[in-house]
Amino acid sequence: MNKPQGFDLVERARALAPLIIAEADEIERTRRLTPSVTTALVENGLYRALLPKRFGGAEATLEAFMQMQEEIAKADASTAWCLGQCSVCAMTAAYLDPDAANEIFNTAPGILAWGAIAHEVRAEPGGYRANARWDFASGSRQASWLGAHVRVVEADGSPRKKPDGSPEIRTILFPMSQAVMYDVWDVIGLKGTGTDSYSVENLFISDKFAALRDDPAACREPGPLYKLTTNMVFSMGFAATSLGVARAMLDAATELARGKTPQGLKAMRDNNAVQGQIGRTEASLRAARAYLYATASDVWRDLSRGDSISEAHRIAIRIASTWTIHQSAAAVDIAYHMSGATAVFAKNPFERRFRDMHAIAQQIQARDTQYEDAGKAILAGNLSAPPTTR
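The shown structure was predicted, so the numbers you read here are calculated from the model rather than taken from an experiment.

(A) Representation of the UniProt feature "domain: Acyl-CoA dehydrogenase C-terminal" (unreviewed entry) in the protein in the model. Those places that UniProt annotates as "domain: Acyl-CoA dehydrogenase C-terminal" (unreviewed entry) correspond, in this numbering, to residues 237-363. Measuring from the first to the last C-alpha atom of residues 237-363 gives 13 Å, for a span that is 74% helix and 0% strand.

(B) Geometry of unusual backbone geometry. Residue Pro-109 is reached from Ala-108 by a cis peptide bond, and omega for that bond is 0 degrees. On the secondary structure map, Pro-109 appears in the loop between helix 5 (98-105) and strand 1 (112-114). One non-glycine residue, Arg-31, lies in the positive phi region at around 60 degrees. Relative to the helices and strands, Arg-31 resides in the loop between helix 1 (7-30) and helix 2 (35-43). With relative accessibility at 21%, the residue Arg-31 sits in the partly exposed group.

(C) Quick peek at the packing of aromatic side chains. Enumeration over the complete set of coordinates arrives at nine aromatic pairs. Their ring planes at 5 degrees and their centres at 3.7 Å tell us that Trp-81 and Phe-238 sit as a pair that is stacked. One end of the pair, Trp-81, is in helix 4 (residues 77-89); the other, Phe-238, is in helix 6 (residues 230-259), and 157 residues separate them in sequence. In terms of burial, Trp-81 and Phe-238 fall into one category: buried. Here the aromatic rings of Phe-174 and Tyr-198 are separated by 6.4 Å at their centres, their planes lie at 45 degrees, and the arrangement is tilted. Separated by 24 residues along the polypeptide, Phe-174 in strand 5 (residues 169-175) and Tyr-198 in strand 7 (residues 196-206) bring together distant segments of the chain. Like Phe-174, the residue Tyr-198 is buried in the burial classification. Of the aromatic side chains, those joined through ring pairs into one cluster are Trp-81, Phe-234 and Phe-238. Of note, Arg-289 hangs over the ring of Tyr-293, and the distance from its end group to the ring centre comes to 4.3 Å.

(D) Just the nonpolar core, in detail. Ranked by internal contacts, the top residues of the largest apolar core, which has 121 residues, are Ile-172, Phe-174 and Leu-228. Of the residues forming this core, the biggest block, 16 residues, is contributed by helix 6. Beyond its immediate sequence surroundings of up to four residues, Ile-172 is in contact with Val-121, Ala-130, Trp-134, Leu-146, Gly-147, Ala-148, Val-150, Ile-205, Phe-209 and Ala-210.

Procedures and definitions
Residues numbered from 1 in each chain as written. Predicted model: local features only at pLDDT ≥ 70, side-chain atom pairs only at ≥ 80, totals over all residues. Heavy atoms only, no water. UniProt positions renumbered as here; feature names shortened; annotations may be inferred. Helix = DSSP H or I, 4+ residues; strand = E, 2+ residues; numbered from the N terminus. Buried < 20%, exposed > 50% of the residue type's maximum accessible area, 1.4 Å probe, protein only. Phe/Tyr/Trp six-rings, centres within 6.5 Å; stacked < 30°, edge-to-face > 60°. Lys NZ or Arg CZ within 6 Å of the ring centre and 35° of its normal. Core = buried A, V, L, I, M, F, W, Y, C linked by side-chain atoms within 4.5 Å. Contact = heavy atoms within 4.5 Å.

Okay, here's the thing in structure tokens:
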């Protein structure tokens, strides 16, 4: 039986779990992935999950990438978050000249990271001039290259526009050595992601390192993966990450319930309320996972048969990923409260996952406004077809 493209990455991710679990305390303490974890991810090709095949990547299916994320997240959420962020960044190779893509991704360690869209670059002959600082660069402490999403202004200061009149946004790419890093990531959860800030001063970026990311007209790769925007893949990857955190949390609470007898109460395994909570939470988590993966499967099927990405696909991905993150957070909360005082001790497998999950739930992919966007599109009646399930 043939395995789906990229499924070996899932097996490798599962095999790395013991190492990542053993390093998780150090990742949390130092707020960085440890060298041994980073090396293992690189050597097993996990950072190259979404890199085009012609540059030595796996060009995995959406589902295989999501399963990889889920497996790593069961071991440590910060590791999964960094891996997911940098894996999606590698999709930029589909929009670059081959020599630029090879320089970035085939010079060890070949890891690209970036932060949120902000600021401008000024066009110059042969490229762009950058002077700015950006935030939220998850995985940047392992990266060899950094990127930034910027609006382009012409030499006279006028904004450059696309044919539809919207601002031209480019993703500029530059070696890590050309940036100044700022250690700012002192947070409640996802501590180990090193989601720090960075800046450049008077930096010239050659045209070949300024990609029109997510612009279909600029895409050089024909595969279904590159019909998806990076934001869509971020959403599905981070939703899968939340599933992994919730699964590990619920499994830990279930294991605790098998052996714990709270003071003055019957054993948890014999408590009807606990039994009911576990049953309902298990059902909710399985339902969320099934919905997320069914959405990924439906979208991938359409793209694989030659369809273009549509508004219906975009909305399906948006609400499935947002709802999955919310359901995962609810499962984590139930498991945390069910575990009682045991859950507050750092030595036990609860409080870090609780904090990590609530950091995930604060990200843009989990905003309630995603539902508003979906509702607006549905009410407007401009979706070509409702999401389907098999």
